[in-house]
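Here are the chains, one letter per residue:
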Amino acid sequence: MIEIDGKIVSTDILTEHFCCDLDGCRGECCVDGNAGAPLEQEEAVVLRTEYANYRPYMTSKGIEAVERDGFAVIDCDGDLTTPLVDNAECAYSYNEGGITLCAVERAWREGRTLFRKPVSCHLYPIRLVNFSNGTIGLNYHRWSVCAPARICGRKSGLPVYRAVKDALVRRFGEDFYKALECAEEYMKNEKQL
């Protein structure tokens, strides 16, 4: 672990490799799991106010789940998350060519909303942990459905943090990302000594 700008960062984020491979995983991260995607309070509000922009891309079951359960739900751990369809896929997902994708992100790609998707999804496989003292931890979450991403990442030599650069800059800013680059370089130099 290292500390950067008051955040506790797992060094695995700098040393392990990852590169999403939708052909390999088929978007299973939007389907499998024991709860919806973690949400920040402001994101739940945005999901509600921007609903008309991404609703056309959602499945009928996803629409039904949102209209029945709400734009965000509290899971069994007391965390704010996206609602699910039949305790499986995220209500905001849809399927295209056998791959599960995000309706919110599609609306963003098409210029219908400024909200890309929940930051927890954007950051994945990095998971944030909020400590009681206000510190944030960044951990690398290893999930079996992401095995193709680890293989692809090793082939390309892409560290986890570089794979999610846009998300890290979105959540923590450009300076934090540059500090991660410096930390990676430092660790490489230390390893060579």
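Note: the structure precedes this text.
Since this is a predicted model, take the numbers as computed values, not measurements.

Thresholds applied
- Residues numbered from 1 in each chain as written.
- Predicted model: local features only at pLDDT ≥ 70, side-chain atom pairs only at ≥ 80, totals over all residues.
- Heavy atoms only, no water.
- Buried < 20%, exposed > 50% of the residue type's maximum accessible area, 1.4 Å probe, protein only.
- Helix = DSSP H or I, 4+ residues; strand = E, 2+ residues; numbered from the N terminus.
- Arc of directions from axis to C-beta.
- Contact = heavy atoms within 4.5 Å.
- Disulfide = S-S within 2.5 Å.
- Pairing = 2+ DSSP bridges.
- Axes fitted to C-alpha atoms, helices over the stretch in contact; angles between N-to-C directions.
- Salt bridge = Lys/Arg side-chain N within 4 Å of Asp/Glu carboxyl O.
- Phe/Tyr/Trp six-rings, centres within 6.5 Å; stacked < 30°, edge-to-face > 60°.

Chemist: What's the story with helix H3 (residues 41–49) in this structure? I'm lost.
Modeler: Helical periodicity: at 3.6 residues per turn, an α-helix aligns residues three or four positions apart in one direction. Within H3, the full set of buried residues consists of Glu 43, Ala 44 and Leu 47. Summarising the axial view, the buried residues of H3 lie within an arc of 105°, below the 170-degree limit, and thus occupy one face. Projecting away from the buried face of H3 at angles above 90 degrees are the exposed residues Gln 41, Glu 42 and Thr 49. In this structure, the buried residues of H3 make contact with helix H4 (51–54), strand E4 (80–81), helix H6 (103–109), helix H7 (119–123) and helix H10 (165–172).

Chemist: What exactly am I supposed to notice about the state of the cysteines here?
Modeler: In protein chemistry, a disulfide is the covalent bond that joins the sulfur atoms of two cysteines. Summed over all chains, the structure comprises zero disulfides. A disulfide-free cysteine, Cys 76 has its sulfur positioned 16 Å from the sulfur of Cys 90, the nearest such atom. A relative accessible area of 75% places Cys 76 in the exposed class. Note on Cys 146: no disulfide assigned, nearest cysteine sulfur contributed by Cys 29 at a separation of 5.9 Å.

Chemist: Would you mind going over helix H5 (residues 60–69) with me for this structure?
Modeler: Here H5 has its buried residues at Gly 62, Ile 63, Ala 65 and Val 66. Seen along its axis, H5 keeps its buried residues to an arc of 160°; they face one direction. Among the exposed residues of H5, those oriented more than 90 degrees off its buried face are Ser 60, Glu 67 and Arg 68. Looking at the buried positions of H5, the neighbouring elements they touch are H4.

Chemist: What is the right way to look at the sheet that holds strand E2 (residues 7–9) in this model?
Modeler: Hydrogen bonding along the main chain pairs the strands of a sheet, whether they run parallel or antiparallel. Read from one edge of the open sheet, four strands run E1-E2-E8-E7, paired in mixed fashion. Edge positions in the open sheet fall to strand E1 (2–4) and strand E7 (126–130), since each of these has one partner strand only. For this sheet the average axis-to-axis angle between neighbouring strands, irrespective of direction, equals 30°. Pairing between E7 and strand E8 (residues 136–140): five bridges, direction antiparallel.

Chemist: Help me understand the pattern of salt bridges in this model?
Modeler: Two side chains of opposite charge can pair, provided their charged atoms sit close to one another. The full count for this structure, using the stated rule, is 16 salt bridges. Residues Glu 105 and Arg 109 are paired through a salt bridge, measuring 3.2 Å at the closest nitrogen-oxygen approach. Placement of the pair is Glu 105 and Arg 109 together in helix H6, with a separation of four residues, close to one helical turn. For Glu 105, a relative accessible area of 10% gives the class buried. As a salt-bridge pair, Arg 162 and Glu 181 come within 3.5 Å of each other at their nearest N and O atoms. Taken together, the residues span a long stretch of sequence, with Arg 162 in helix H9 (residues 160–163) and Glu 181 in helix H11 (residues 174–192) at a distance of 19 residues. On the basis of relative accessibility, which here comes to 27%, the residue Glu 181 falls in the partly exposed class.

Chemist: Is there a simple way to think about the packing of aromatic side chains in this case?
Modeler: Tallying each qualifying case throughout the model produces six aromatic pairs. Ring plane angle 50° and centroid distance 5.0 Å describe the contact between Phe 172 and Phe 176, whose orientation is recorded as tilted. Given a relative accessible area of 15%, Phe 172 falls into the buried group. Taken together, the ring pairs in this structure connect Tyr 51, Tyr 54, Phe 71 and Tyr 92 into an aromatic cluster.

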